[in-house]
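# Geometric and topological summary
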Amino acid sequence: MTEEKTISDRNIREINEAGKIANFFGFKPINPPRLEKQDFECVKGFDQSSHPAEKAALLRIYFEEKMMALPQPNMFYCERPFLGSRERKKTGRLESSLISLGSSKSVCECLAIQTGVAILNAIGYKNLEVQINSIGDKDSGNEFQKKLNGFMRKKGCDNSQTECPRPIDFLSETSRLHFKEVLEFLEIINIPYQINHNLIGDLDIGSETIFSVINTDTNLPAQAGEEMAFGFRFNRLAKKIGCKKDLPCVVLNISAKPKKRLKKVKAKISKPSFYLVQFGPEAKLKSFIILNELHKAGVNVIHAIAKDKLGGQIGVAETSEVPYIILIGQKEALENSVIIRNNATRSQEIVLISDLAERVKKLI
């Protein structure tokens, strides 16, 4: 029987630059679960290229450690391969995972992509492009697979990719909206992207978005086109390995050779100075820009971008003992500004998002 652990038992003593960036964007660095025999057994028939045993282990600790009782999503960063893996760690490479468990919202993919790109930028990769696709929810994926199988039986191997069914043509309205939200995020954050209709991933466990981060540096032809990270939703895995119901999950696996040595530092938790509160669709999108500005400024911030209700965010912000609340609503989003509120004096000021990095540096 597995020894019961708590999330605090997975705290790590040291983190590198990648871990620091992940922590800033809300992915808590942890020691990942050790892979057990049961993790391998329950995914025997699955495509092993997507490391299903690691995902099974993550689902196992989610339920064993009662993470469902915590605010969702649960977001973690860890190095891989996990202990007990049958893979060997690749020498001289950053091999790590960004994981979100427990939320079906598109913000989870957005945060994973934003954080992954920030990490790759920090280790020396500046010219990146996201290739992205959607296979939709369970019904969308099943319909696409049915059409694809029929097409292959009819055409065999003698077909062009332009004739092949495309998964996005079978998306339900909910899945279409989900995909649209992720694309809007990529546009507002100015991350180059293209829809790759051939990016399908593992149809057995995958759902909604699949995304790949590609190096596009043409100054280094040998590296141009190299995949730096690959991510997808695996909402369908939980039920397939014996859980009572599906669990919404996102993973982004990074595999890249850092262009500089990643030094490790003590994983001390410094007290955040700001709490970012957002409400409204436009404000949520602009929040990703704000996070980038705060990251540039080198300040610590708590955020709840996955939350929609204003009251709950304000309540947590006021009890979190942060000196300042940064607030953006629909009006501020349209004006590309934020409100900075001093929690002690209740005074507040309006600051343009473009000036935010410089302003917050003066406040701390």
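Scoring rules and cut-offs
- Residues numbered from 1 in each chain as written.
- Predicted model: local features only at pLDDT ≥ 70, side-chain atom pairs only at ≥ 80, totals over all residues.
- Heavy atoms only, no water.
- Helix = DSSP H or I, 4+ residues; strand = E, 2+ residues; numbered from the N terminus.
- Rg over C-alpha atoms; globule rule 2.2 N^0.38 Å.
- Buried < 20%, exposed > 50% of the residue type's maximum accessible area, 1.4 Å probe, protein only.
- Areas by Shrake-Rupley, 256 points an atom, 1.4 Å probe, with all protein chains shown as cover.
- Lys, Arg positive; Asp, Glu negative; His and termini not counted.
- Charge placed at Lys NZ, Arg CZ, Asp CG, Glu CD.
- Pairing = 2+ DSSP bridges.
- pLDDT = per-residue confidence, 0-100.
- Expected span 1.5 Å × (residues − 1).
- Arc of directions from axis to C-beta.
- Contact = heavy atoms within 4.5 Å.
- Phe/Tyr/Trp six-rings, centres within 6.5 Å; stacked < 30°, edge-to-face > 60°.
- Axes fitted to C-alpha atoms, helices over the stretch in contact; angles between N-to-C directions.
- Parallel < 35°, antiparallel > 145°, perpendicular 65-115°, else oblique.
- Left-handed = near helix turned anticlockwise from the far one by under 90°.
- Nonpolar A, V, L, I, M, F, W, Y, C, P; charged D, E, K, R; others polar.
- Polar contact = N/O pair within 3.5 Å; in protein donor to acceptor, adjacent residues only side chain to side chain.
- Disulfide = S-S within 2.5 Å.

### Let's talk about the overall build of the chain
Helices and strands together make up the secondary structure of the chain, namely 11 helices and 15 strands. A compact globule built from 364 residues would reach a C-alpha radius of gyration of about 21 Å, and the chain, at 21 Å, matches this within 12%. Overall, the C-alpha framework of the chain stretches about 70 × 50 × 45 Å when taken along its three principal axes. Looking at the chain as a whole, 50% of its 364 residues qualify as buried. Accessible surface for the chain amounts to roughly 18,200 Å². Of this, 51% is attributable to carbon and sulfur atoms. When the 54 positive and 44 negative side-chain charges of the chain are each reduced to one mean point, those points stand 4 Å apart.

### Focus on the sheet that holds strand E7 (residues 207–215)
Across the sheet, which stays open at both edges, the eight strands sit in the order E2-E3-E4-E9-E8-E7-E5-E6 with mixed pairing between neighbours. Both edges of this open sheet fall to strand E2 (28–29) and strand E6 (193–195), since each of them pairs with a single strand only. Pairing analysis gives eight bridges linking strand E4 (residues 94–101) to strand E9 (residues 249–256), with the strands arranged antiparallel. By the bridge assignment, Leu98 is partnered in E9 with Leu252.

### Section: the confidence of the model for the chain
In this model, the chain carries a mean pLDDT of 88, and residues with pLDDT of at least 70 account for 94%. Mean pLDDT across the elements of the chain ranges from a minimum in strand E10 (residues 265–266), with 74, to a maximum in strand E15 (residues 348–352), with 96.

### Here we look at helix H6 (residues 173–188)
Taking 1.5 Å per residue as the helical rise, H6 with its 16 residues ought to reach 22 Å, and the 23 Å between its terminal C-alpha atoms agrees with that figure. Asn190 lies just past H6 and shows a positive phi near 60°.

### Some thoughts on helix H11 (residues 356–363)
Turn by turn, an α-helix covers 3.6 residues, leaving residues three or four places apart pointing in a common direction. Among all positions of H11, only Leu356, Ala357, Val360 and Leu363 are buried. An end-on view of H11 places all buried positions within 120° of arc, on one side of the element. Where H11 is buried, its residues touch strand E11 (274–278), helix H8 (281–297), strand E13 (324–328), strand E14 (337–342) and E15.

### So, the packing of aromatic side chains
Enumeration over the complete set of coordinates arrives at seven aromatic pairs. On the numbers, 5.5 Å between centres and 25° between planes, the contact of Phe274 with Tyr324 is stacked. Taken together, the residues span a long stretch of sequence, with Phe274 in strand E11 and Tyr324 in strand E13 at a distance of 50 residues. For Phe274, a relative accessible area of 0% puts it in the buried group.

### A word on the packing of H6 against H8
One can describe the packing of H6 onto H8 by two numbers: an axis separation of 10 Å at closest approach and a directional angle of 40°. The orientation of H6 with respect to H8, classified from their angle, is oblique. Two packed elements cross with a definite hand, and for H6 against H8 that hand is right-handed. Note on element contacts: H8 touches H6 through Leu285, Lys286, Phe288 and Ile289, opposite Glu184, Phe185 and Ile188. Along the lines of polarity and charge, the residues of the contact of H6 with H8 split into five nonpolar, no polar and two charged.

### Observations regarding the sheet that holds E15
Across the sheet, which stays open at both edges, the five strands sit in the order E12-E11-E13-E14-E15 with mixed pairing between neighbours. Two strands bound the open sheet, and with one partner strand each, they are strand E12 (301–303) and E15. Each strand of the sheet is rotated relative to its neighbour by a mean of 25°, with strand direction disregarded. Direction of pairing for E11 relative to E12: parallel, over a ladder of three bridges.

### Quick word on the side chain of Asn74
Among the secondary structure elements, Asn74 is positioned in strand E3 (residues 74–79). Accessibility expressed as a relative area gives 6% for Asn74, which makes it buried. A distance of 3.1 Å separates the side chain of Asn74 from the side chain of Gln72, its partner in a polar contact.

### Observations regarding the pairing of E4
By the criterion of burial, E4 is predominantly enclosed, with eight of the eight residues buried. Along E4, one buried face is formed by Leu94, Ser96, Leu98 and Ser100 and the opposite face, lined by Glu95, Ser97, Ile99 and Leu101, is buried too. By the bridge criterion, six bridges tie E3 to E4 in an arrangement that is antiparallel. Paired with Phe76 across the two strands is Ile99, which belongs to E4.

### Describing the state of the cysteines
This model, assessed by the stated rule, comprises zero disulfides. Just so you know, Cys108 is unpaired, no disulfide at all, and the nearest cysteine sulfur is the one on Cys110, 8.7 Å from it. We classify Cys108 as buried; its relative accessible area is 2%. Residue Cys243 stays outside any disulfide, its sulfur separated by 8.5 Å from that of Cys42, the closest cysteine.

### Here's the deal with the pairing of E9
Most of E9 is tucked away, with eight of its eight residues classed as buried. Residues of E9 alternate between two faces, with Cys249, Val251, Asn253 and Ser255 on one and Val250, Leu252, Ile254 and Ala256 on the opposite face, all of them buried. Note that strand E8 (residues 227–233) and E9 share five bridges and pair antiparallel. Following the sheet pairing, Phe232 is matched in E9 by Val251.

### Concerning the side chain of Ser50
Here Ser50 is to be found in the loop between helix H2 (37–41) and helix H3 (52–64). Sequence-distant contacts of Ser50, that is, excluding residues within four places in its chain, are made with Lys55, Asp202, Ile205 and Phe232.

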